[in-house]
Amino acid sequence: MTALPLIGLDFDNTIVLYDAVFRSVGVECGLLPPGFRGGKAEVRAYVQALPGGGPKWTSLQGMVYGPGIIRAEPAPGLDGFLTACRKAGVRLAVVSHKTEFAAADPGGTNLREAARAWIAAHGLTDPARGGIDPDMVFFETTRAEKVARIAALGCTHFVDDLEEVFLEPGFPAGTARLLVRHGAERLPSGPFRAFRSWPEITHDLLGSLVA
């Protein structure tokens, strides 16, 4: 009997998106002008160009990934992907490279606990909604440890927004690599398959898995 697939999912910028939170928190902190347009990349460029921009950007990240995460939204189409996986009996895991505390706020919000709270709040670990086993949610301190976890779990597929993860030494050769760049005009090429959205991944991946 063939084992069911185990699809691993990255967390930040893969299943949860922060563009709107970076804009709103940046404006609230006075780092961005009212009405600022752009996503995380544009916010980073603007803030880092300010006097003392490096530390200010680090601090903003801590606020967004910590207390601000509750305002973040699931990536469009994620619910449909999770529903399709649940109906097909496909197993899921979340494996993320995330430190416990922000560098700019070492005694502040536990970033891992904030992420777990977001996951629970959006029903990802609800058997009737997201269907991800809470015991299959992992946060690792380094990228190398993340890759080691993917290998140890035996993920048949892994979805990430960073191609660097797939290029990391030790990334398991037998794990299919799926890069997602939400809404990108151009997709990079490399030792992975690239997609612009969760609906694209659902159609491509789940169609072949349940055919």
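Residues numbered from 1 in each chain as written. Predicted model: local features only at pLDDT ≥ 70, side-chain atom pairs only at ≥ 80, totals over all residues. Heavy atoms only, no water.

Participant: I'd love a proper account of the packing of helix 1 (residues 19-28) against helix 3 (residues 53-65), names of residues and values included.
Facilitator: Contact geometry of helix 1 with helix 3 gives a least axis separation of 10 Å together with a crossing angle of 120 degrees. Relative to helix 3, the crossing made by helix 1 is right-handed. Along its contact with helix 1, which presents Val21, Phe22, Val25 and Gly26, the element helix 3 presents Trp57, Leu60, Gln61, Met63, Val64 and Tyr65. For the contact of helix 1 with helix 3, the class distribution of residues is 8 nonpolar, 2 polar and no charged. (Axes fitted to C-alpha atoms, helices over the stretch in contact; angles between N-to-C directions. Helix = DSSP H or I, 4+ residues; strand = E, 2+ residues; numbered from the N terminus. Left-handed = near helix turned anticlockwise from the far one by under 90°. Contact = heavy atoms within 4.5 Å. Nonpolar A, V, L, I, M, F, W, Y, C, P; charged D, E, K, R; others polar.)

Participant: Could you give an account of the side chain of Ser96, with specific residues and numbers?
Facilitator: Within the element layout of this structure, Ser96 appears in strand 4 (residues 91-97). Its relative accessible area of 1% is what places Ser96 among the buried residues. Aside from chain neighbours lying at most four places away, what touches Ser96 is Asp10, Phe11, Asp12, Phe138, Phe139, Glu140 and Lys146. (Buried < 20%, exposed > 50% of the residue type's maximum accessible area, 1.4 Å probe, protein only.)

Participant: Break down the packing of helix 2 (residues 40-48) against helix 3 for me, with residues and values.
Facilitator: Helix 3 packs onto helix 2 with a crossing angle of 145 degrees between their chain directions and a minimal axis gap of 8 Å. Contacts between helix 2 and helix 3 involve Lys40, Val43, Arg44, Val47 and Gln48 from the first element and Gly53, Lys56, Trp57, Leu60 and Tyr65 from the second. By residue class, the composition of the contact of helix 2 with helix 3 is 5 nonpolar, 2 polar and 3 charged.

Participant: How would you sum up the nonpolar core? Please name residues and give values.
Facilitator: Core analysis: the largest hydrophobic core is formed by 46 residues, its most contacted members being Phe11 and Phe81. A total of 5 residues in this core trace back to one element, the largest contributor, which is helix 5 (residues 111-121). In this structure Phe81 touches Ile7, Leu9, Leu92, Trp198, Ile201, Thr202 and Leu206, once residues within four positions along its chain are discounted. Formed by 13 residues, the second largest nonpolar core is a distinct cluster that contains Leu6, Phe138, Cys155 and Phe158. (Core = buried A, V, L, I, M, F, W, Y, C linked by side-chain atoms within 4.5 Å.)

Participant: Go over the pairing of strand 5 (residues 137-140), please, and point to the residues and values.
Facilitator: Across a regular strand the side chains alternate sides, sitting on one face of the sheet and then on the other. Burial along strand 5 is two-sided: the face carrying Val137 and Phe139 and the face carrying Phe138 and Glu140 are both buried. One ladder, built from 4 bridges, connects strand 4 with strand 5; its direction is parallel. Note that in strand 5 the partner of His97 across the bridge is Glu140. (Pairing = 2+ DSSP bridges.)

Participant: How would you summarise the pattern of salt bridges if you had to cite specific residues and measurements?
Facilitator: Tallied over the full model, the rule gives 7 salt bridges. The salt bridge involving Glu28 is made with Arg71; its shortest N-O contact spans 2.8 Å. Of the two residues, Glu28 sits in helix 1 while Arg71 sits in the loop between helix 3 and strand 3 (73-74), which places them 43 residues apart along the sequence. For the salt bridge of Glu140 with Arg149, the shortest nitrogen-to-oxygen distance reads 2.7 Å. What you see here is one network of salt bridges that share partners, running through Asp10, Lys146 and Asp160. (Salt bridge = Lys/Arg side-chain N within 4 Å of Asp/Glu carboxyl O.)

Nothing here speaks to function; it is all geometry.
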